[in-house]
Amino acid sequence: MNRTAGILLPITSLPSKYGIGCFSKSAYDFVDWLKKAGQTYWQILPLGPTSYGDSPYQSFSTFAGNPYFISLEALIEEGVLTKEECDAADFGRLPGDINYEKIYKSRYPLLRKAYERSQIADNPDYQTFLAENNWWLSDYALFMAVKERFDGIPWNEWPEDIRLRYGYSMDYYRRELYFEIEFQQYMQFQFFRQWNALKSYANDAGIRIIGDIPIYVAMDSADAWAHPELFQLDENNVPYAVAGCPPDGFSADGQLWGNPLYRWDYHKDTDYAWWMSRLRFCFQMCDVLRIDHFRGFDEYYSIPYGDTSAVNGHWEKGPGIGLFRCMERHLGHREVIAEDLGYVTDSVRRLVSDSGFPGMKVLEFAFDARDSGSANDYLPHNYTENCVAYTGTHDNETITGWFRSIQKEERKMARAYLCDKHTPEKLLYRSFIALVMRSSAKMCIIPLQDYLGLGNNCRTNKPSTVGINWRWRVTQKELSDTLQQEIRDVAKRYGRMNQAPESTF
């Protein structure tokens with residue numbers, strides 16, 4: 001078995017100039033850094049344009065890219081922006097933080113200037129891009145242009161004619177908003193041109209990209225607006241029910257996500273055509289795909305639309321293995337990571353096993369005072385080869401913050417498992433990383449914050465909160481040669497060095 005390792009770092013968290021991580025030189029530098037650190041994988045988060053709350057898991061489109069990731073430096077080199085214009089904009093002054101309000105107010109005006117100076121309609125590469133992507137881009141660009149016309153309100157609050165996509169209304173807005181639509185198409189052209197170049201650079205360096213898609217799309221998305229037949233919506237495109245998860249020990253009311261649920265019978269009748277398009281598109285953008293909330297393919301939680309909590313929801317059967325048999329038939333063998341965390345039933349375990357996909361093992365779930373038996377699936381001695389092991393994920397505390405926050409009894413359990421009573425708490429993250437890396441898991445992914453030993457003030461996301469998430473950025477100083485060598489030493493020590501010839505020093 002080829003044992004491998006990688007690092008989890010969202011694009012937003014790169015130390016790029018102009019307020020947020022993007023496809024600039026710092027992204028290429030990070031690829032070089034990963035290569036020298038002996039890593040094989042760079043795991044990122046979903047790349048779609050984000051809506052309220054800035055979560056990459058609530059996007060305006062499952063196909064479009066986030067304009068924030070477009071490198072302004074590349075546009076300066078292209079001659080459609082000036083360095084003075086970009087330097088004069090206020091993106092926030094803290095190098096380790098993302099100020100989304102300032103990014104929104106500063107970045108879009110600059111991108112609009114670039115578009116207006118670009119003469120993009122005369123660019124043959126742009127015309128090719130339109131032709132190849134019209135099947136999703138036409139609806140998305142119109143959706144975003146109309147949304148801007150109506151001051152950003154959700155599409156299900158638009159006037160009936162455009163909300164229900166009457167032909168005359170679609171024609172009217174395409175004429176009326178021609179340049180706004182072209183601006184949206186221009187941003188997507190730049191996004192995909194820059195992303196494809198970065199991914200090619202990473203692959204040439206022996207670095208593979210692990211992408212990420214949510215199981216659901218957002219209700220306020222071009223996907224739900226343009227294709228209501230895919231979802232459990234009535235004749236007025238109002239949901240019958242929405243997604244979430246039931247009450248548990250962490251939330252008495254459960255979680256009300258609000259995403260539209262799929263009409264799985266329709267998808268089955270079409271041989272999962274939309275899903276095949278979605279998955280094919282994702283595999284063009286990444287090398288491995290992590291599918292979020294994998295258990296929803298076995299059973300999904302349905303909450304009556306209009307409820308204010310998840311208490312009255314119930315479980316419904318999902319498509320099961322049929323969807324993934326269809327994927328194998330249409331797309332061939334593809335590498336998928338099944339996000340099988342949370343409450344896992346026997347039927348979910350069967351689905352993961354039948355698919356052959358590796359599931360996820362998160363070390364932070366292993367030391368629970370309520371379940372101290374050695375059969376705990378998350379204890380590293382129980383890991384199988386066919387899994388992906390993590391210290392934590394983007395939704396978890398950092399490993400340092402986690403150890404500080406757990407009960408005293410659980411800290412004792414963790415130290416006993418490590419056979420380590422003496423390492424200072426501030427350095428214990430290294431022992432936890434080593435514990436994961438020497439497991440049998442064929443792949444280990446460590447969030448960069450954990451390699452840095454950072455606390456919870458640097459975590460990526462705290463679920464069920466808004467306004468404090470997706471903001472952390474690594475600084476250039478933190479990406480030191482010393483840290484790189486430490487990571488390389490760990491990968492080498494546990495037989496996880498990148499075996500690609502380009503990574504041999």
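Residues numbered from 1 in each chain as written. Predicted model: local features only at pLDDT ≥ 70, side-chain atom pairs only at ≥ 80, totals over all residues. Heavy atoms only, no water.

So, the pairing of strand 1 (residues 4-8)
The element strand 1 is extensively covered by neighbouring structure, given that 5 of its 5 residues are classed as buried. In strand 1, alternate side chains face the same way, and those of Thr4, Gly6 and Leu8 on one face and Ala5 and Ile7 on the other are all buried. Sheet topology places strand 1 next to strand 12 (residues 443-447); 5 bridges connect them, and they run parallel. In the sheet register, Gly6 faces strand 12, and the bridge partner there is Ile445. Bridge count for strand 1 against strand 2 (residues 41-43) is 3 bridges, and the pairing is parallel. Paired with Gly6 across the strands is Tyr41, a residue of strand 2. Assessed by its sense of winding, the connection that carries the chain from strand 1 through helix 1 (residues 25-36) to strand 2 is right-handed. (Buried < 20%, exposed > 50% of the residue type's maximum accessible area, 1.4 Å probe, protein only. Helix = DSSP H or I, 4+ residues; strand = E, 2+ residues; numbered from the N terminus. Pairing = 2+ DSSP bridges. Right-handed = clockwise from strand over helix to strand, strands pointing away.)

Regarding the nonpolar core
By size, the foremost hydrophobic cluster in this structure holds 166 residues, and its most contacted members are Trp42, Trp195, Trp275, Phe297, Phe432 and Leu448. It is helix 5 (residues 124-149) that provides the largest number of residues to this core, a total of 12 residues. Setting aside anything within four residues of it in sequence, one finds Trp275 in contact with Ile213, Ile215, Tyr262, Trp264, His267, Phe297 and Leu323. (Core = buried A, V, L, I, M, F, W, Y, C linked by side-chain atoms within 4.5 Å. Contact = heavy atoms within 4.5 Å.)

Considering the packing of helix 1 against helix 18 (residues 481-493)
Two numbers describe how helix 1 lies on helix 18: the axes approach to 8 Å, and their chain directions differ by 45°. Relative to helix 18, the element helix 1 lies oblique. When helix 1 is examined against helix 18, the residues Trp33, Lys35 and Lys36 are found in contact with a partner set consisting of Leu483, Gln484, Ile487 and Arg488. Residue composition of the contact of helix 1 with helix 18, by class: 3 nonpolar, 1 polar and 3 charged. (Axes fitted to C-alpha atoms, helices over the stretch in contact; angles between N-to-C directions. Parallel < 35°, antiparallel > 145°, perpendicular 65-115°, else oblique. Nonpolar A, V, L, I, M, F, W, Y, C, P; charged D, E, K, R; others polar.)

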